[in-house]
Amino acid sequence: MRSSSGPPEGRPTVLSVRQAVKRYGGLTAVDGVSFDVGKGEIFGLIGPNGAGKTTMFDLVAGSVAPSAGQILLNGVDVSGEAAHRRIARGLGRTFQIPKPFPELSLLENVLLARQDQTGERLFMNFLAPGRVRAEEAAARDKAMDLLDFLLLKRLAHEPARVLSGGQRKLLELARVMMADPAVILLDEPAAGVNATLLEVIIDRIRAINERGVTFLLIEHNIDMVSRLCNRVLVMASGQPLCEGTPEEVSRDPRVIEAYLGGA
Ligand SMILES: Nc1ncnc2c1ncn2[C@@H]1O[C@H](COP(=O)(O)OP(=O)(O)OP(=O)(O)O)[C@@H](O)[C@H]1O
Ligand SMILES: [Mg+2]
């Protein structure tokens, strides 16, 4: 079994994880994980509960600092950079448990995710109020288009607390898209989603990917992983177990054992 196959030929590497380690006291949540993701891939990260998948996303996104190892975005070592700097570099992530602001509208929740607003630079409000207003209008249009794309437009002015679990996952996608990321980390986008919404989510991920956006996908829904991902890394107990196509890893006896052992 190949342990590190790398991105398909001809695709520039957008994300490299090199020997990432994260320790929490005596527990090593991520224990020497390396992988490379090429532009336009949908790269799966799977493994039993507690394998360290979300912690791996935390390390890539910069919300936790690694105990050892490096994260490179487009060849630049960002291991020491704060999460907001990585967002500015085109990295987006959704959360395993979405936490929209419950009393804000869907539109307001999506607008909060945008990058680099002129209006937030105080003096621009005095120096160029027209430009600030034009940017506000463009951002609103973009947020509404995203809500429409994710079938949430009719709820745009409702508070986020009215959403079902599945709709929250769709709102997460709208929120992350608002910042125009080049690489998106999706943490269990299908968890708790009904069959109809699942098809919508799969379809929308494909459509965004066809525009050149790279995805990392954590998902327990193996059918979804098989349909979307070209390559998959399996983790267990913090360690990399194997890497390959969805078909290759699902046949690997070590993977089957890891899932059965965790059950
Ligand atoms: N902030 C933290 N402090 C201490 N331990 C943590 C912390 N975050 C995660 N862990 C531990 O690290 C291990 C890996 O957790 P992680 O959430 O990354 O797993 P996961 O693969 O995402 O699991 P799941 O499929 O259940 O979401 C677990 O044992 C977890 O309890
Ligand atoms: Mg997790």
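By the naming in an unreviewed UniProt entry, the protein goes by Branched-chain amino acid transport system ATP-binding protein and is assigned to Gellertiella hungarica. Word for word, the UniProt comment on the protein under Sequence similarities (unreviewed entry) is "Belongs to the ABC transporter superfamily."

Participant: Honestly, unusual backbone geometry in this entry has me stumped. Any pointers?
Facilitator: In terms of backbone geometry, most residues other than glycine have negative phi values and most peptide bonds are trans. Within the chain, Q19 stands out as a residue other than glycine whose phi angle is a positive 50°. Mapped onto the elements of the fold, Q19 is located in strand β1 (residues 13–24). The exposure class of Q19 is partly exposed, given its relative accessible area of 49%. You will see that E188, though not glycine, has its phi angle at about 55°, which is positive. Within the element layout of this structure, E188 appears in the loop between β7 (183–187) and α7 (195–210).

Participant: Teacher, can you tell me more about the nonpolar core here?
Facilitator: General note: in soluble globular proteins, nonpolar side chains tend to be found buried as a group. Core analysis: the largest hydrophobic core is formed by 48 residues, its most contacted members being L147, L152 and M224. Top contributing element to this core by residue count: α7, with seven residues. Counting residues domain by domain, this core receives three or more from each of domain 1 (13–99 + 181–262) and domain 2 (101–162). When residues no more than four places from it in sequence are discounted, the contact partners of L152 are L106, L147, L163, Q167, L170 and L171. Listed in part, the 27 residues of the second largest apolar core include V14, L45, L59 and L73.

Participant: What should I look at first to understand the sheet that holds strand β5 (residues 76–77) in this one?
Facilitator: Paired through their backbone hydrogen bonds, the strands of a sheet run either parallel or antiparallel. Across the sheet, which stays open at both edges, the four strands sit in the order β2-β1-β4-β5 with antiparallel pairing between neighbours. Each end of this open sheet is capped by a strand with a single partner; those strands are β2 (27–38) and β5. Where β1 and β2 come together, nine bridges link them in antiparallel fashion. Bridged to S16 within β2 is D36. With respect to the sheet, helix α1 (residues 53–61) is in contact with β1, β2 and β4 (68–73), its orientation differing from that of β1 by roughly 120°.

Participant: I'm lost on the domain arrangement of the protein in this one. Help?
Facilitator: Interfaces are often described in size by the accessible area the parts lose on coming together. The assigned domain composition of the protein is domain 1 (13–99 + 181–262) and domain 2 (101–162). Here domain 1 and domain 2 have C-alpha centroids that lie 28 Å from each other. The interface is formed by eight residues belonging to domain 1 together with five residues belonging to domain 2. Across the interface of domain 1 and domain 2, roughly 510 Å² is buried in total on both sides, 65% from carbon and sulfur atoms. The interface formed by domain 1 and domain 2 includes zero salt bridges. On inspection of domain 1 and its partner domain 2, the count reaches one residue pair in polar contact (both at pLDDT 80 or more). Those elements that provide at least two residues to the side of domain 1 that touches domain 2 are α2 (83–88) and α7. The greatest single-element share of the side of domain 1 that touches domain 2, amounting to four residues, is contributed by α7. By residue class, the composition of the side of domain 1 that touches domain 2 is five nonpolar, no polar and three charged.

Participant: Before we go on, may I ask you to explain the pairing of strand β8 (residues 214–218) in this structure?
Facilitator: Residues in a regular strand project their side chains so that they alternate between the two faces of the sheet. For β8, a buried count of five out of five residues is recorded, marking the element as mostly surrounded by other parts of the structure. The alternating pattern of β8 places T214, L216 and I218 and F215 and L217 on opposite faces, both of which are buried. Summarising the sheet, strand β3 (residues 42–46) and β8 pair through four bridges and their orientation is parallel. The partner of I42 across the bridge, within β8, is F215. With five bridges joining them, β7 and β8 adopt parallel strand pairing. The residue bridging D187 from the neighbouring strand is I218, located in β8. With respect to chirality, the unit in which β7 leads through α7 into the neighbouring parallel β8 is right-handed.

Conventions and cut-offs
- Residues numbered from 1 in each chain as written.
- Chains lettered and ligands numbered in written order.
- Predicted model: local features only at pLDDT ≥ 70, side-chain atom pairs only at ≥ 80, totals over all residues.
- Heavy atoms only, no water.
- UniProt positions renumbered as here; feature names shortened; annotations may be inferred.
- Helix = DSSP H or I, 4+ residues; strand = E, 2+ residues; numbered from the N terminus.
- Buried < 20%, exposed > 50% of the residue type's maximum accessible area, 1.4 Å probe, protein only.
- Core = buried A, V, L, I, M, F, W, Y, C linked by side-chain atoms within 4.5 Å.
- Domains from an automatic or database assignment.
- Contact = heavy atoms within 4.5 Å.
- Pairing = 2+ DSSP bridges.
- Axes fitted to C-alpha atoms, helices over the stretch in contact; angles between N-to-C directions.
- Buried area = accessible area lost by both parts, 1.4 Å probe.
- Salt bridge = Lys/Arg side-chain N within 4 Å of Asp/Glu carboxyl O.
- Polar contact = N/O pair within 3.5 Å; in protein donor to acceptor, adjacent residues only side chain to side chain.
- Nonpolar A, V, L, I, M, F, W, Y, C, P; charged D, E, K, R; others polar.
- Right-handed = clockwise from strand over helix to strand, strands pointing away.

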